[in-house]
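# Structure assessment
Here is how the chains run, residue by residue.
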Amino acid sequence: MTERRGGAASYGTAGAGEEGTSVCETVFRQIRASGVQVPVAARLSYDTRRPYEVALDLRPARDRGVRWVLSRELLLAGTRTRSGLGDVRVAPVPGSGRDGAVVVRLGPPGASASFATDRHVLRRWLAYTGELVPLGTEAARIDWDEVAARLLR
C-alpha cells in the first residue's frame, strides 16, 4: 500500500497493476439542528473497477455505520459550487481551515443529515483518484460484458 498524508487525513492505494483502491480516512462533522458539529469517523473509498463511484462510510460513535455510494464527479463539483439533486447535495462553504469546508447533505429534505469536512483534504484525495483514473476515461475501465451479465441475471 502506498500512503500519503493530506492534512487531517491519510490516504493511499492498495492493489496490483492497473486495478486498485484508494482510501481516505478522515473526519466528517455532523451538523446538528442546534448548529453543534459532532465528529464522525469517515472513510472514502475509490475502486478503479467502479470508476464513477466513491463509497462514503460514516461510523458515528455508539451507532451503527452507514454507507452511501456517491458520484466522484458530484463530489468534485461540490468542492467548487453547489451540486447535486435529490438525496445527495454537496456545496463548498467558507470557513476556518486552509480552504474552508464542504457540506454534504444526505437524504431527502426533512429527513436528511448534513456533514462538513475539510475542503482541502477532499480536493487532494479526489485529485489523487484522478491520477488513478483521469476524469473522462472512466468508461474505458468498465467491464461491459460483466455489467450486461449482471443485468441479465
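In what follows, the accompanying structure is described.

The rules behind the values
- Residues numbered from 1 in each chain as written.
- Predicted model: local features only at pLDDT ≥ 70, side-chain atom pairs only at ≥ 80, totals over all residues.
- Heavy atoms only, no water.
- Helix = DSSP H or I, 4+ residues; strand = E, 2+ residues; numbered from the N terminus.
- Buried < 20%, exposed > 50% of the residue type's maximum accessible area, 1.4 Å probe, protein only.
- Contact = heavy atoms within 4.5 Å.
- Salt bridge = Lys/Arg side-chain N within 4 Å of Asp/Glu carboxyl O.

With that out of the way, let us pick up the overall build of the chain. Scanning the chain from N- to C-terminus turns up 3 helices and 9 strands. In sequence order, the chain lays out its α and β elements as β-β-β-β-β-β-α-β-β-β-α-α. For the chain, the proportion of its 153 residues judged to be buried stands at 39%. Counted over contacts in the chain with a minimum sequence separation of 6, partners at least 24 positions apart contribute 36%.

It is worth spelling out the environment of P92 at this point. Among the secondary structure elements, P92 is positioned in strand β7 (residues 88-93). Judged by relative accessible area, P92 falls into the partly exposed class, the value being 22%. In the structure, P92 is positioned 26 residues away from D118 in sequence and 9.6 Å away in space, judged by C-alpha atoms. If we ignore the near neighbours within four places in the chain, the residues touching P92 are G78, T79, R80, T81, R82, A101, V102 and R119.

Let us now look at the pattern of salt bridges. For side chains bearing opposite charge, pairing can occur when the charged atoms are close. Under the defined criterion, the tally for this structure stands at 7 salt bridges. Note that D47 is salt-bridged to R49, the shortest N-O span being 2.7 Å. A relative accessible area of 18% places D47 in the buried class. On the basis of relative accessible area, R49 is assigned to the exposed category, the value being 52%.

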